Amino acid sequence: MSETAIESARDEEPGAVTASYLVAGHTLKSWLTTTDHKRIGILYALAITVFFFIGGIAIGLVRLELMNPKGAILSDEGYNRLFSLHGIVMVWFFLVPSIPATLGNFLLPLMIGARDVAFPRLNLISWYIYAVGAAFTCYAIVAGGVDTGWTFYTPYSSLYSNSNVLAAALGVFIVGFSSIATGVNFITTTHMLRAPGMTWSRLPLMVWALYATSIVMVLATPVLAMSLLLIIAERYFGLPLFNPSEGGDPLLFQHLFWFYSHPAVYIMVLPAMGVVSEVFACFARRRVFGYIMMVYAIMAIAIVGFLVWGHHMFVSGESQYANVVFSFLSFAVAVPSAIKVFNWTATLHRGQVTFEAPMLYALGFLGLFTIGGLTGLFLASIPIDVHVTDTYFVVAHFHYIMVGGSVSAFFAGLHFWWPKITGRLYSEAWARFAAIVMFLGFNTTFLPQFIMGYGGMPRRYHVYPQEFQVYHVISSVGALILLSAYLLPLIYLGWSLLYGTRAGDNPWDATGLEWQTSSPPPKENFEEIPVVNAGPYHYHPAEEAPDAARREPQEAQGRKP
Amino acid sequence: MIDEFAAKASEYAGSWDRFFFALVAVSAVVVAAVFVVIVGFSIRYRKGSDAYRPTLPKSLGFEIEIGWTAATAFAFLFIFWWAASMQLREIIPPRDALQIHVLAKQWMWKLQHSNGVREINELHAPTGHPVQLIMTSDDVIHSMFLPSLRLKQDVLPGRYTYIWFTADKPGVYHLMCAEFCGTQHSRMTGRLILMTPEDYSRWLAAQPEADNLAKRGEALFRSLGCSGCHAPNSAVHAPDLHGVYGHPVHLSDGRVVNADEAYIRDSILLPDKDVVAGYQPIMPSFRGTVSEDQIIELIAYVRSLAWEGRQE
Ligand code: HEM
Ligand SMILES: [Cu+2]
């Protein structure tokens, strides 16, 4: 495979590569056998869109049901299967692959000036692995569903659940390999295929974010795979792993699971941070404030994120002293996230800020991520966590991070790079409208959940005490608004594909190598591999001398005012 | 029934609430500040505005970053310290705590008071007196959630977990299962009924007469044949159980463990796991012979065997 790497790095003859990647073959076969990272990104995008709406319909039914405290429409079983379906699909089949596999696949080689990823065929295989995993999960759904929640806690999942745990767990297990393969591919690509002059200190933050994400994927995903295999081993082969009456440990799974799944939150959030950094720089027309600090923060989050899994287990029966250690580490990992918020905010300072749709989505991200992050501090404080864990407070918190944060950023990125990906412009007015409705709908849905969570409303409850109904009703109305806001882009972006005006190569006047090639890019990305001689975000060439990015902190340290 | 939102039934629940709302206030200030700055910058520095846009000296940028990094780190350290110290103060229950056994199963809560009174999905407890719940599960993981006391603790099969509280406001409150446990998870709820000590004793007295737990345990101890070896005058070399509960035990592999509920349970089900120093591992396992309920009774019996017995 290293041959391929060298092959794709080699400059090809200019002129041979001018046709757009979209028209380089029209047949279905040409798409299904492509090794072009851009096409593979699009294949992923189609797949995750389907899952996003499957998960959305499931939760639509759940929210409808929750308007009534007595559980009028669904059976207990039906309810449990729907929220499990929602969680499993949204996390494993939408969020984890969302930004890395779609935008990341499309952009990483373009942003570092490469012709493709290091292992193009592995990239295609990753997509097929994803598809096979998805098929298992779809089977589990069609065959009646699964009722373990997306967390698959033992011994419920391994011994007691009488639903399709095997198919669902296998599905998740298999997509894990797709994550690992993508991670390996991105890491190798970033190391080997950077264009001449693209030093580490000149990498766009998006690339740094994808790189850090890839490290987390490669290191953490095998642990998830192991833990799912252990469930299967106990469930189908009777190995006494989690069953205490046979000497097993019911908590072992939770440790393994969260050892993966806490870092997995960063798999969802780090790429979002990358996207937002690009968008802020472009629409504030400034270099991202504190580039070096942003890079350190990304790496710190990725690394320290491995040490905090125990904060999901404060009430699981762990020692209180272990809890205190995990609490401390959780506060520690929050510091770099806070710094990033400050840096994005400071990026607006002295800018020439405009409010195109991507910027609105990114501003939405910033607001919602701040709230999600601050409520994370509540959960890291043990006495508060003891009360609110496993209640709607947690549901609200993780939706602020994963949906308010990651999904908003995904939309920011989708709109930002849409002209590059498709060569077309979308309706700016509709896009701005959707961004605003999404923000409002989101808050209407999830703010009440903090309140009812503190009031003691447990999560995963089909029937619930009367006193929480009013909050559930508000939340359901919000969900309706939110779902319609998610449908809008489907319409106006679809419209743009067919009727949108031509975008031109660089409609935002953005920096970054991906904007230096045509829109949509040719199959080989660049007619000639570009040579880089400055840091990213050169929006004020006069103010910031080339390479200022790299020298900034050292200079600052050396110079005593 | 119960309709007070976020009712609280104890003094420390109040202090946790104060901590919570202090954090809410701080966060609200931070969120407001961030929003004001974002909106302020967005308007002031919107494209084409005539705001003054000087070049910041590079070193100033660096100092700002060190400044806010340090500030956040200190703020977080302070919140952590506040939260953790509040928690660690509460770990060890007072010695005179009233002990109530809880057995969770799909989908109900079974409770046993030490005098033998049993109840299902209702927990009667006195106010003004520390109460400790000793909990285990028959099947999957459940979680005992008492929102009015701001308490929650998972209940695991094969292990004992504990919570304790001193309530101070009589009333009827929610008792819920907070860890997803299968089909009827959301129906695994009940009532926490807090009574003044007088009402509580009256309630206890009015319950149908039942042998207390220890007494039932004693009968089991005989019928299962435990007494054959463990009686003080038995011919078989087995440890006398008087005064064992709650005290350190030296094991043959050199470890010293505290004889708590989990230890006694393990000794019954997995006798080879912790062998007492000076004894042979000859005790048979009672796995499959005794139920969780019976183990609770046996534990209550062992607990009732005081030191005096040993001195006879
Ligand atoms: C219209 C938007 C959404 C609404 C109204 C919504 C609502 C909900 C609700 C009510 C629950 C809790 C179910 C329960 O605990 O009983 C839930 C759980 C969850 N949601 Fe969403 N959600 C939405 C979008 C999303 C999205 C976009 C994602 C991820 C990309 C997501 C990920 C999750 C996850 C992982 C869970 C946990 C499932 C579990 O408890 O096992 N949600 N959601
Ligand atoms: Cu339960």
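With an unreviewed UniProt entry as reference, chain B is termed cytochrome-c oxidase, source organism Methylocystis heyeri. Note on chain B: under the UniProt heading Catalytic activity (unreviewed entry), the record states "4 Fe(II)-[cytochrome c] + O2 + 8 H(+)(in) = 4 Fe(III)-[cytochrome c] + 2 H2O + 4 H(+)(out)".

If you check an unreviewed UniProt entry, chain A appears there as Cytochrome c oxidase subunit 1 from Methylocystis heyeri. Its UniProt record gives chain A a comment under Sequence similarities (unreviewed entry), which states: "Belongs to the heme-copper respiratory oxidase family."

What follows deals with the UniProt feature "transmembrane region" (unreviewed entry) in chain B. All names here are of chain B. The feature "transmembrane region" (unreviewed entry), as given by UniProt, occupies residues 20-43 and 64-84 in the numbering adopted here. In this annotation, residues 20-43 is assigned 100% helix and 0% strand; the end-to-end C-alpha distance for the span is 34 Å. Taken as a whole, residues 64-84 contains 100% helix and 0% strand, while its terminal C-alpha atoms sit 30 Å from one another.

This part is about the coordination of the iron atom of ligand 1. All names here are of chain A. Protein-derived ligands of the iron atom of ligand 1 are H86 (NE2) and H399 (NE2), with the metal-ligand distances lying across 2.1 Å. Geometry at the iron atom of ligand 1 is octahedral, judged from its six donor atoms and the angles of 84 to 179° they form at the metal. Of this pair, H86 sits in helix α4 (residues 76-112) while H399 sits in helix α14 (residues 392-422), placing them 313 residues apart in sequence. Grouping residues by exposure puts H86 and H399 together as buried.

All right, on to the coordination of the copper ion (ligand 2) then. All names here are of chain B. In this structure, H142 (ND1), C177 (SG), C181 (SG) and M188 (SD) serve as the protein donors to the copper ion (ligand 2), at separations of 2.1 to 2.7 Å. Viewed at the metal, the four donor atoms of the copper ion (ligand 2) are separated by angles of 84 to 127°, and the geometry they form is irregular. Counting the intervening residues between successive donors of the copper ion (ligand 2) yields the motif H-x34-C-x3-C-x6-M. According to the relative accessible area criterion, C177 is buried, its value standing at 0%.

All names here are of chain A. Mean pLDDT over chain A stands at 89; residues scoring 70 or higher make up 93%. Model confidence for chain A, summarised as mean pLDDT per element, is weakest for helix α17 (residues 548-558) at 38 and strongest for helix α15 (residues 428-454) at 96. Here residues 1-17 is modelled with pLDDT under 50, and outside its nearest four sequence neighbours on either side it reaches 26 contacts, counting other chains as well. Here residues 544-561 is modelled with pLDDT under 50, and outside its nearest four sequence neighbours on either side it reaches 29 contacts, counting other chains as well.

Note that an α-helix has 3.6 residues per turn; residues three or four places apart therefore point the same way. Residues and elements named next belong to chain A. The terminal C-alpha atoms of helix α5 (residues 120-142), which comprises 23 residues, lie 33 Å apart, in line with the 33 Å expected from a rise of 1.5 Å per residue. By the burial criterion, the buried members of α5 are P120, L122, N123, L124, S126, W127, Y130, G133, A134, T137 and A140. Positioned one or two residues after α5, G144 has a phi angle of 120°, which is positive.

Residues given the UniProt feature "domain: Cytochrome oxidase subunit I profile" (unreviewed entry) here are residues 31-533 of chain A. Spanning residues 31-533 of chain A, this segment combines 70% helix with 0% strand, and its end C-alpha atoms are found 35 Å apart.

Listed as interface residues are 82 residues of chain B and, on the opposing side, 90 residues of chain A. Summed over both partners, the interface of chain B with chain A buries about 7,500 Å², with 70% contributed by carbon and sulfur atoms. Taking the shortest distance from any N to any O, the salt bridge between D249 of chain A and R159 of chain B comes out at 3.0 Å. The interface formed by chain B and chain A holds 18 residue pairs in polar contact (both at pLDDT 80 or more) in total. Breaking the side of chain B that touches chain A down by element, the ones donating at least two residues are α1 (11-44), α2 (58-88), β7 (151-155) and β9 (171-177) of chain B. Broken down by element, the side of chain B that touches chain A gets its largest block of residues, 19 residues, from α2 of chain B. Looking at the side of chain B that touches chain A residue by residue, the classes come out as 44 nonpolar, 20 polar and 18 charged.

Residues and elements named next belong to chain B. Counting buried residues along strand β1 (residues 98-105), seven of its eight residues qualify, which places the element largely inside the surrounding structure. Of the strand pairs in this sheet, β1 and strand β5 (residues 131-137) are connected by seven bridges, and their pairing is parallel. In the strand pairing of β5, L103 is matched with T136. Bridging between β1 and strand β2 (residues 108-113) involves six bridges; their strand directions are antiparallel. Following the sheet pairing, V102 is matched in β2 by L111. Two successive antiparallel strands, β1 and β2, enclose a turn made up of two residues.

All right, on to unusual backbone geometry then. All names here are of chain A. Note the cis peptide between T154 and P155, where omega equals -5°. Assignment of secondary structure puts P155 in the loop between α5 and α6 (156-160). Cis geometry marks the peptide bond from S519 to P520, where omega comes out at -15°. Mapping P520 onto the fold places it in the loop between α16 (469-499) and α17. For R285, which is not glycine, the phi torsion reads 50° and is therefore positive. Here R285 shows up in the loop between α9 (252-284) and α10 (291-304).

Residue and element names in this part refer to chain B. Read across the open sheet, the five strands follow the order β4-β10-β9-β6-β7; overall the sheet is mixed. The open sheet is flanked by β4 (122-126) and β7, the only strands paired with a single partner. Across the sheet, the axes of successive neighbouring strands diverge by a mean angle of 20°, strand direction being ignored. One ladder, built from five bridges, connects strand β6 (residues 142-146) with β7; its direction is antiparallel. Considered in β7, the bridge of H142 is made with V155. Its contacts with the sheet place helix α3 (residues 197-206) against β4 and β10 (190-195), and it is angled at close to 130° to β4.

Time to look at the nonpolar core. In a soluble, globular protein the nonpolar side chains are often hidden away together inside. If you look at the biggest cluster of nonpolar residues, it comprises 252 residues, and the most contacted ones within it are W92, F152 and W417 of chain A together with W109, L133, M144 and F165 of chain B. With 22 residues, α4 of chain A is the largest single contributor of residues to this core. The contacts of M144 of chain B, once residues within four sequence positions are left out, are V102, W109, L133, M135, L151, K152, Q153, V155, I163, L175 and M176 of chain B. Counting 28 residues, the second-largest nonpolar core is a separate cluster that includes L220, V276, I296 and I299 of chain B.

A few words on the site of ligand 1. Residues and elements named next belong to chain A. Around ligand 1, a shell composed of 27 residues is seen, among which Y79, H86, W150, H399 and R460 lie nearest. The contact in question runs from a nitrogen atom of ligand 1 to an N or O atom on the side chain of H86, over 2.7 Å. When each cavity is represented as a set of grid points, ligand 1 is found to reside in the largest cavity. Listed by contribution, the elements that provide at least two residues to the shell around ligand 1 are α3 (37-65), α4, α14, α15 and α16. For the shell around ligand 1, the element with the highest residue contribution is α4, accounting for eight residues.

Take the confidence of the model for chain B next. Here chain B averages 85 in pLDDT, and 95% of its residues register 70 or above. By mean pLDDT, helix α8 (residues 308-311) of chain B is the weakest element of chain B at 43, and β6 of chain B is the strongest at 95.

As a further point, take the pattern of salt bridges. Residues and elements named next belong to chain B. Applying the stated criterion to the full structure yields 20 salt bridges over all chains. Between R303 and E261 there is a salt bridge; the shortest N-O distance is 3.5 Å. Linking R303 in helix α7 (residues 292-304) with E261 in helix α6 (residues 261-269), this pair joins segments that are 42 residues apart in sequence. In the salt-bridge network here, residues are joined through shared partners; they are K8, D17 and R150.

Criteria and thresholds
Residues numbered from 1 in each chain as written. Chains lettered and ligands numbered in written order. Predicted model: local features only at pLDDT ≥ 70, side-chain atom pairs only at ≥ 80, totals over all residues. Heavy atoms only, no water. UniProt positions renumbered as here; feature names shortened; annotations may be inferred. Helix = DSSP H or I, 4+ residues; strand = E, 2+ residues; numbered from the N terminus. Donors = N, O, S within 2.8 Å, 3.2 Å for Na, K, Ca; no water. Tetrahedral: all angles 85-135°; square planar, octahedral: opposite > 155°, others 65-115°. Buried < 20%, exposed > 50% of the residue type's maximum accessible area, 1.4 Å probe, protein only. pLDDT = per-residue confidence, 0-100. Contact = heavy atoms within 4.5 Å. Expected span 1.5 Å × (residues − 1). Buried area = accessible area lost by both parts, 1.4 Å probe. Salt bridge = Lys/Arg side-chain N within 4 Å of Asp/Glu carboxyl O. Polar contact = N/O pair within 3.5 Å; in protein donor to acceptor, adjacent residues only side chain to side chain. Nonpolar A, V, L, I, M, F, W, Y, C, P; charged D, E, K, R; others polar. Pairing = 2+ DSSP bridges. Axes fitted to C-alpha atoms, helices over the stretch in contact; angles between N-to-C directions. Core = buried A, V, L, I, M, F, W, Y, C linked by side-chain atoms within 4.5 Å. Near = heavy atom within 4 Å. 1 Å grid on protein atoms, 1.4 Å probe; cavity = no way out; pocket = protein on both sides within 12 Å on 5 of 7 lines; lining within 4 Å. Sits in = over half its atoms within 2 Å of the grid points.

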